[in-house]
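Spelled out, the chains give:
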Amino acid sequence: MLKPSARLAVLPLVFLIGVGLSGLYPVPAVADSGSIVRYARVKTVGDLYVLNASINLVLTDAARNALLSGVPLVFELEMAIVRPRKWWPDEQVADMDQKFRLSYHALSRQFLVQHLNTGIQETYSRLVDALERIGELKDFPLIDATLLDPGRHYILELRVRLDIERLPFPLMVQGYLSRDWRIDSGWYRIPIQ
Amino acid sequence: MKRAATLRFAVTVGVFALLIASLYVVSDVSHDAERFGRLYVGLLLLNTLFLLVLGFAIVKNLYLVGRQVVRKAPGSRLTLRMVLVFVLLVTVPAGTVYEFSVHMLKKGIDTWFDIPVQEALEDSLELSRAALDLQMREFRRRTLALSESLADVSDAVAPLALNDMLKATGATEITLFGADNKIIASSSNSTDAMIPRLPGAQVLNTVAEGRVYSRLEPFQDIGLQMRIVVPVRDRSTRGRPRILQVLYPVSGRLTELAEKVEAAYRDYTELAYLREPLKQNIILTLSLVLLVAALFAVWAAIYMSRKLIAPIRELAEGTKAVAAGEYRKKLPVGRRDELGELVLSFNQMTERLARARDAAERSQRLVERQRSYLETLLQRLSSGVMSFDGQLALRTVNAAAAHILGVSLVQYKGRRLEEIAREHPALESLVRGIAGYLKSGKKEWREQVVIMGPTGRKILMCRGARLPAYGDVSPGYVVVFDDVTALIQAQREAAWAEVARRLAHEIKNPLTPIQLSAERIQRKLSASVDEKGAEILERSTRTIVQQVESMKAMVNAFGDYARTPSVELSLMNINDLVRDVAELYRANIGEVRLELDLDETLAGVQADAMRLRQLLHNLIKNAMEAMEGRSDARIVVQTRNVDEHGARYVDLTVSDTGPGIPEALMDRLFEPYVTSKSKGTGLGLAIVRKIVEEHGGQVWAENLPRGGARIHIRFPATTTQTQSPHDIQPR
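These numbers come from a predicted model, not from an experiment.

1. Quick notes on the overall build of chain A
Of regular secondary structure, chain A possesses 4 helices and 9 strands. Reading chain A from its N end, one meets helices and strands in the order α-β-β-α-β-β-β-β-α-β-β-α-β. Here chain A holds 193 residues, and 31% of them are scored as buried. Excluding contacts between residues fewer than 6 apart, the proportion of contacts in chain A whose partners are at least 24 apart in sequence is 63%.

If you want it as structure tokens, here you go:
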């Protein structure tokens, strides 16, 4: 067992290390980019649950600069159907991930959005259009209605975020530590009727 | 314990090596980000965690060292100094290398990126754009011509027309949209692309307003394409026009070059953008490496310092313990270097010290035992023993000595003989008797000394010897003495008894026949001689008879003197006795004046009344006889209490006004048949001395300055004596 004084003596060291790291990666006062799920609706089309959603995806300055410098950004649209349980973690019934790769083509001054799940690439002159494309879900098929117990209550969780792990290697530490790189709508939860 | 410590050290070193290796991996930035990204961050976190642990360990160790310094523990200051030196040796070069590395890194990376290079790349990109623009203008012109030709083509025949156009123009894809943005017809030169590549909704909207949209667009499968979207001017219909989209491929060589430029530009700008994070990453990694290495070195320095100092500290503690008299301390020998040898030597030294001390203790105990044995022996001895050093200071004295002398001498140990004699005049005679021998340094001597102690007159037989010096004890003297008072008295009495027996036998026996014969001669011859002869006969016979009678009386008296009567002591007051006897004499004292000078507070005396009475008779008679025929005859009997040498005595003196004692007789005055008078048996004063000695007293005679003599008798007093002689014990 250590003397309290010895335990206290560790604090300056922690502080120093903290100061050192924060000096390397200054944390700005502003929060993340302000990305948010505008709306999301689940409806049935025949035996299928489909999702219509719009997410306002906003890039931070750092991300925008990186994109314009030729760094591709990967966004992950995560959807999950969970069944809430009392006194127990929610049961995950299904999860669907959509990944989009956003890059800038300097020669044509076009923004390219590649849907990584299908490989389809689309071209946009304006960044907002490209972001709109990533955040737009139109009649996205979620799950077959027969797979869900009609007597039970289910929730759809939805979020979009920048995939830090797919950033170039030198940016990764920043991506993990700095809020400059936090692009995350946060989980949006709606019940499935 | 030791093995565990070594293991712990080895584990720590292993962890350190692993961390350095991991940082080495991290430092290789050319790794594929997707595969190593997570590992990279994980390793950084792991290293940071280890840094914390290491920092904690260092702080703990420093705390321990600091606490020891504050407590002034042995070896702590040395440890602190070593730690400081080690830390300095580690951090200064490491810090210097670090500073240089960071500096060169920053400068180096920055020099990779050149403004001219960037400008050149931008220019070439611009050049590509300009070249493509030229082509674009051409394609726009052609597309507008196509839209003119399509103006009169109905929707039904549009697919055929589009197919023809595709072949004629060499386009990749031609699509016609209706007013509601629905595809009317589409033609493509590739077989796999079934769905036309649609423009964005905004593009269609802008074109519907009458503008031309032309844009270079990269495609994954078909490379760079020119997308030209134009409205189709319909003469038949009013309202929203149809829209024609044509995708032209950029000419092969141009595409290749343009894409190369584009890729180079993109790579360059990406690298340029990433250089700051890259620098930060490298510096971070470098810092971590430095911190890990430096902290590990510091920790190792502290660890090694403490380990190095440990035997020294133990030695210091051991030395302290030895200084404090703890010789049993054994230090653990854990090394094979010089320190280990030092510890070994220390252990040997303490062992020898302990052995020497034990031996000394043993011999001291032996000496002590012998001493106490001798002491016991000495104390049990009935003879008094005193020893002195060279300066005649009392060194030892036994109980018997104190008992015989009647003085507790233990407290005078170390005092000089003369000083003791001054405080205890009772010992003065003894000191006077033996000091000469002691000072002369005679090897052996014997001497009989008479002392007047608190218990009366004593005759001591003293034997002395010189003590040789031994060890650090200076040479000295030992005096052994026995109380021979009783022995001498008994001898003397036995001698006188023998004389008396002889006298009775040899003298007294013939006296009766002599007397009878003389009387018979007178009786037988008185008738036969004449008157004159009868008268002579009668006178001679009477003389014979008288002398025989007197001779008989003399022999009887001597018998009385020599006989040893048993003395019956009882407490009595001498004053009473004096008065009794004086009363007897007052009646028939004639012209002599008898004066009494009695001390009324006189102390009691243990004495035999009959013997004392005889003593007084003898003294008074002696005085009267001495003053016979003198006119101013006067006898003074005096009693007094005397305090001397802490003991009480009763003095009795009888003074006369006679002629005094002739000097020649002074020494032998109290011996039998020593007299200056014609009358008397010559035993008077001898009997006096005998009686006095029987009572443990002292008697002496002196001539008075104004004429006359005085007999001085001193008895030990009893009433005031709080201590009996037997109570005097050496403390």
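2. Brief notes about unusual backbone geometry
Leaving glycine aside, a negative phi is the common case for residues, and trans is the common case for peptide bonds. Residue and element names in this part refer to chain A. Even without glycine at this site, W87 takes up a positive phi of about 55 degrees. Take W87: it is sitting in the loop between β3 (73–85) and β4 (88–105). Here R109, not a glycine, exhibits a phi torsion of approximately 55 degrees, which is positive. Judged by the 11 C-beta atoms lying within 10 Å of it, R109 falls in the exposed class.

3. Details of the confidence of the model for chain B
Detailed reading of the predicted coordinates is not advisable wherever pLDDT is low. When pLDDT is averaged along chain B, the result is 81, and 92% of the positions lie at 70 or above. For this predicted complex, the interface score ipTM comes out at 0.73, alongside a pTM of 0.54.

4. Comments concerning the nonpolar core
Residue and element names in this part refer to chain B. Judged by nonpolar contacts, the single largest core of 103 residues is most densely connected at V292 and L295. Summarising the domain contributions, this core has at least three residues from each of domain 1 (2–112 + 268–321) and domain 2 (134–250). If we skip the residues at most four places from it in the chain, V292 touches L19, I20, L23, N47, F50 and L51. Counting residues in each nonpolar core, the second largest holds 42 residues, with V581, L612, I620 and L669 among its members.

5. Describing the packing of helix α3 (residues 76–112) of chain B against helix α7 (residues 252–323) of chain B
Residues and elements named next belong to chain B. Contact geometry of α3 with α7 gives a least axis separation of 9 Å together with a crossing angle of 165 degrees. Comparing their axes, α7 and α3 come out roughly antiparallel. Seen from above, α3 lies across α7 with right-handed handedness.

6. Observations concerning the sheet that holds strand β1 (residues 173–177) of chain B
Residue and element names in this part refer to chain B. Across the sheet, 5 strands lie side by side as β2-β1-β5-β4-β3; this open sheet has antiparallel pairing. Two strands close off the open sheet at either side, each with one partner strand: β2 (183–188) and β3 (213–219). With strand direction ignored, the average angle separating the axes of adjacent strands in the sheet is 15 degrees. Where β1 and β2 come together, 5 bridges link them in antiparallel fashion.

7. Describing the pairing of strand β17 (residues 709–716) of chain B
For a regular strand, side-chain orientation follows a simple rule: the groups alternate between the two sheet faces. Of all 8 residues in β17(B), 6 are buried, a share of seventy percent or more. Between strand β16 (residues 698–703) of chain B and the antiparallel strand that follows it, β17(B), lie 5 residues; B:G707 among them carries a positive phi value of about 90 degrees.

8. As for the confidence of the model for chain A
All names here are of chain A. In this model, chain A carries a mean pLDDT of 79, and residues with pLDDT of at least 70 account for 83%. Note that residues 1–16 has pLDDT below 50 and, in this model, 15 contacts with residues that lie over four places away or in other chains. Note that residues 19–31 has pLDDT below 50 and, in this model, 11 contacts with residues that lie over four places away or in other chains.

9. Observations regarding the pairing of strand β5 (residues 110–115) of chain A
All names here are of chain A. As judged from the 6 bridges shared by β4 and β5, these two strands associate in the antiparallel manner. Directly across from R101, in β5, lies its bridge partner Q114. As consecutive antiparallel partners, β4 and β5 are separated by 4 residues, and within that stretch R109 has a phi angle of approximately 55 degrees, a positive value. Bridge count for β5 against strand β6 (residues 121–124) is 4 bridges, and the pairing is antiparallel. Of the residues in β6, the one forming a bridge with F111 is Y124.

10. Quick word on the sheet that holds β4(A)
All names here are of chain A. Here we have 6 strands laid out as an open sheet, ordered β6-β5-β4-β3-β8-β9, and antiparallel in their pairing. Looking at which strands have only one partner, the edges of the open sheet turn out to be β6 and β9 (188–192). Neighbouring strand axes in the sheet, compared pairwise and without regard to direction, differ in orientation by 25 degrees on average. Two elements, strand β8 (residues 154–162) and β9, share 5 bridges in a ladder whose sense is antiparallel.

11. A short note on the packing of helix α12 (residues 485–525) of chain B against helix α13 (residues 531–562) of chain B
Residues and elements named next belong to chain B. The N-to-C vectors of α12 and α13 enclose an angle of 160 degrees; their axes lie 9 Å apart at closest approach. When the axis of α12 is compared with that of α13, the two are roughly antiparallel. The element α12 and its partner α13 pack so that their crossing is left-handed. In terms of residue class, the contact of α12 with α13 is built from 21 nonpolar, 4 polar and 4 charged.

12. Some details on helix α8 (residues 338–380) of chain B
Residue and element names in this part refer to chain B. In this model α8 runs 62 Å from its N-terminal to its C-terminal C-alpha over 43 residues, within 8% of the 63 Å that 1.5 Å per residue would give. Burial analysis of α8 places just 3 of its 43 residues in the buried class, a small minority of the element. Residues V343, F346 and T350 constitute the buried set of α8. Where α8 is buried, its residues contact α7.

13. Comments concerning the environment of B:L511
Residues and elements named next belong to chain B. Mapped onto the fold, L511 is located in helix α12. Separated by 40 residues in the primary sequence, L511 and M551 have C-alpha atoms spaced 7.9 Å apart. Not counting chain neighbours up to four residues away, the residues in contact with L511 comprise V548, M551 and K552.

Cut-offs applied
Residues numbered from 1 in each chain as written. Chains lettered and ligands numbered in written order. Predicted model: local features only at pLDDT ≥ 70, side-chain atom pairs only at ≥ 80, totals over all residues. Helix = DSSP H or I, 4+ residues; strand = E, 2+ residues; numbered from the N terminus. Buried ≥ 20, exposed ≤ 12 C-beta atoms within 10 Å, placed from the backbone. Contact = placed C-beta atoms within 7 Å. pLDDT = per-residue confidence, 0-100. Core = buried A, V, L, I, M, F, W, Y, C linked by C-beta atoms within 7 Å. Domains from an automatic or database assignment. Axes fitted to C-alpha atoms, helices over the stretch in contact; angles between N-to-C directions. Parallel < 35°, antiparallel > 145°, perpendicular 65-115°, else oblique. Left-handed = near helix turned anticlockwise from the far one by under 90°. Pairing = 2+ DSSP bridges. Nonpolar A, V, L, I, M, F, W, Y, C, P; charged D, E, K, R; others polar. Expected span 1.5 Å × (residues − 1).

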